[in-house]
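If you want the building blocks of each chain, they are given just below.
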Amino acid sequence: MCENRFYHCAACGTVIGMIHDGGHPLSCCGTEMERLIPNENTKDPKHTPLVRIHKKHATTEDCCKTPDTEPCCSDGICEQYCVDVGAEEHPMMDGHAIRWIYLQTNVGGHRKCLSPGGKPSVCFALTDEKPTAVYAYCDKHGLYMTEL
């Protein structure tokens, strides 16, 4: 199973995701990086990732196809997991925005990056894996997680 940890450099703001731990501390700007721990305030109306699930029975041509994705599955069932950050839409401005959303699955994970000025929402199309958690990173307030 892949590891799922994120680290932050307090000096420059670099954020990295751990794929495999080689047993040595991670460093940046001459100092050890800090492990990001998901914020425990799960009732925060602007940061908690919310997930909507859409199951589709479709052919390859139209399964899970949205304007920004290619068809995701062979004939049969696929599931689209759409993530909105916040019951109240999270701000998306310079200095206070959701920078990425990561969907952790039973076999790995998927990350999508966001930019200020956009929407704090993404969709992931899955065929042969099951989501276990979703993470959202706010560049002002840190990491948030919802277990699925």
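Digging into the overall build of the protein
Of regular secondary structure, the protein possesses zero helices and twelve strands. Shown N-terminal to C-terminal, the secondary structure of the protein runs as helices and strands in the order β-β-β-β-β-β-β-β-β-β-β-β. With 148 residues in all, the protein has 38% of them scored as buried. A separation of at least 24 residues holds for 56% of the contacts in the protein among residues at least 6 apart in sequence. With an accessible surface of roughly 8,600 Å², the protein has 51% of that area assigned to carbon and sulfur atoms.

A word on the sheet that holds strand 12 (residues 142-147)
With respect to topology, four strands assemble into an open sheet ordered 9-8-11-12, the strand pairing being antiparallel. The outermost strands of the open sheet, each flanked by one partner alone, are strand 9 (108-113) and strand 12. Put simply, the sheet's adjacent strands are angled 15° from each other on average, direction ignored.

Details of the nonpolar core
With 15 residues, the main nonpolar core has V83, I98, I101, L103, L114, V122 and F124 as its most contacted residues. Breaking this core down by element, the ones donating at least two residues are strand 7 (76-85), strand 8 (98-105), strand 10 (121-126) and strand 11 (131-138). Counting residues in hydrophobic clusters, the runner-up holds eight residues, among them L36, W100, A133 and L143.

Quick notes on the pattern of salt bridges
Evaluation of the coordinates by the stated rule reveals five salt bridges. Among the ionic pairs, D84 bridges to R52, the shortest N-O distance being 2.9 Å. Here D84, found in strand 7, pairs with R52, found in strand 6 (residues 49-58); they are 32 residues apart in sequence, far enough to count as distant. The closest approach of N and O atoms between K119 and E89, which form a salt bridge, is 3.6 Å. In this pair, K119 is assigned in the loop between strand 9 and strand 10 and E89 in the loop between strand 7 and strand 8, connecting sequence segments 30 residues apart.

Quick word on the confidence of the model for the protein
On average, residues of the protein score 84 in pLDDT, and 82% of them reach the 70 mark or higher. In this model, residues 57-67 is a region of pLDDT below 50 whose contacts with residues beyond four sequence positions or in other chains number 24 contacts.

Description of the sheet that holds strand 2 (residues 15-18)
One open sheet holds the three strands; their spatial order is 2-1-5, and the pairing between them is antiparallel. In this open sheet, the two edge strands, each paired with only one partner strand, are strand 2 and strand 5 (34-36). Averaged over all pairs of adjacent strands, the angle between their axes in this sheet comes to 35°, without regard to strand direction. Sheet topology note: the strand 1 (residues 5-8)/strand 2 ladder contains four bridges and is antiparallel. Note that in strand 2 the partner of H8 across the bridge is V15.

About the thresholds
Along each chain, the written sequence defines residue order, and numbers are assigned to residues from 1. For a predicted model such as this one, the threshold for reporting local features is a pLDDT of at least 70, and the threshold for listing and counting side-chain atom pairs is 80 or more; totals across whole chains, interfaces and linings nevertheless cover every residue. Side-chain metrics in this entry use all non-hydrogen atoms of the structure; hydrogen atoms and water are not considered. Segments assigned H or I by DSSP are reported as helices when at least four residues long, segments assigned E as strands when at least two residues long, and all are numbered from the N terminus. Only protein chains enter the accessibility calculation, which uses a 1.4 Å probe; a residue whose area is less than 20% of its type maximum is buried, one above 50% is exposed, and one in between is partly exposed. In this description, contact between two residues means that some pair of their heavy atoms is separated by no more than 4.5 Å. All accessibility values rest on the Shrake-Rupley procedure with a 1.4 Å probe; residue burial counts only the protein chains present in the view. Note on pairing: two strands pair once DSSP finds at least 2 bridges between them. For helices, the fitted line uses only the C-alpha atoms of the stretch in contact; every axis is such a line through C-alpha atoms, and the angle between N-to-C directions lies from 0 to 180 degrees. Take the buried residues of types Ala, Val, Leu, Ile, Met, Phe, Trp, Tyr and Cys, join any two whose side-chain atoms come within 4.5 Å, and each joined set is a nonpolar core. Whenever a carboxyl oxygen of Asp or Glu lies within 4 Å of a side-chain nitrogen of Lys or Arg, that contact is scored as a salt bridge. On a scale of 0 to 100, pLDDT captures the predictor's confidence in every residue.

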